[in-house]
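One-letter residues, chain by chain:
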Amino acid sequence: MRFIPALGLAAALLLSGVGGAGAQQKFESLRGDVPIDQLSKNDNMFRPERDQDLIPRDFQKQPPLIPHSIKGYNITQNFNKCMDCHSKERAEETGATLVAKSHYLDREDKKHPNISPRRYFCLQCHVPQFDAKPLVANTYKPAAKRGE
Ligand code: HEC
Ligand code: HEC
């Protein structure tokens, strides 16, 4: 697996893979044995990768990984840098993939002219691509694509 999935997903995989089977597997965290307050900015886990080709999605409803650097792309109460390129008004001009239609719907499926509040914090679900080595061995295989 070449990405760091959103934390919830990682937890779910860990629980089903490790806890479920009752097997205990030794694993080392990304920061190794270095205590969290002694990490330096030069450590690998803080080094984002350069813009690159998209890693294909592993299942249909996976939030796609971010194939570009997001350094300095801030999301504040009044401004969402991601939507500067990804909104339906800007996507064509910037060449960014238009956010999915679902991103304009609220939880009652009501369509909004702007990004839905529940999709506002993009990094809650989308993470930059990173060639992370798996922390524990797993046998997960991407779901077959339709028609294969
Ligand atoms: C300066 C314009 C710009 C900004 C700002 C920007 N993006 Fe992008 N983004 C792009 C472009 C262009 C692509 C398409 C790259 C490609 O297809 O190779 C892209 C691709 C993506 C994809 C992959 C979509 C797919 O096709 O599967 C995701 C996810 C994404 N961006 C998320 C974000 C998030 C989250 C932010 C804010 C933190 C953000 N982007 C900010 C331009 C931008
Ligand atoms: C609650 C989780 C969540 C949040 C928050 C979220 N997304 Fe997504 N995003 C997804 C999922 C899941 C998909 C793929 C399934 C779908 O189409 O809904 C997706 C798809 C996309 C795509 C690909 C659309 C396509 O047609 O292939 C882009 C681009 C994208 N999101 C950008 C963003 C940006 C930019 C933000 C913030 C403004 C954002 N997303 C916020 C979950 C999220």
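Residues numbered from 1 in each chain as written. Chains lettered and ligands numbered in written order. Predicted model: local features only at pLDDT ≥ 70, side-chain atom pairs only at ≥ 80, totals over all residues. Heavy atoms only, no water.

A. Broad picture of the site of ligand 2. Within the structure, ligand 2 sits among 23 residues, and R57, H103, C122, C125 and H126 are positioned closest to it. The contact in question runs from an oxygen atom of ligand 2 to an N or O atom on the side chain of R57, over 2.8 Å. Looking at the shell around ligand 2, its residues break down into twelve nonpolar, seven polar and four charged. (Near = heavy atom within 4 Å. Polar contact = N/O pair within 3.5 Å; in protein donor to acceptor, adjacent residues only side chain to side chain. Nonpolar A, V, L, I, M, F, W, Y, C, P; charged D, E, K, R; others polar.)

B. Focus on the coordination of the iron atom of ligand 1. Protein coordination at the iron atom of ligand 1: the donors are H68 (NE2) and H86 (NE2), at 2.0 Å from the metal. Here the iron atom of ligand 1 binds six donor atoms, and the angle range of 87 to 179 degrees at the metal identifies the geometry as octahedral. One end of the pair, H68, is in the loop between helix 1 (7–19) and helix 2 (81–86); the other, H86, is in helix 2, and 18 residues separate them in sequence. You can call H68 partly exposed: its relative accessible area is 27%. When its relative accessible area of 21% is taken as the criterion, H86 is described as partly exposed. (Donors = N, O, S within 2.8 Å, 3.2 Å for Na, K, Ca; no water. Tetrahedral: all angles 85-135°; square planar, octahedral: opposite > 155°, others 65-115°. Helix = DSSP H or I, 4+ residues; strand = E, 2+ residues; numbered from the N terminus. Buried < 20%, exposed > 50% of the residue type's maximum accessible area, 1.4 Å probe, protein only.)

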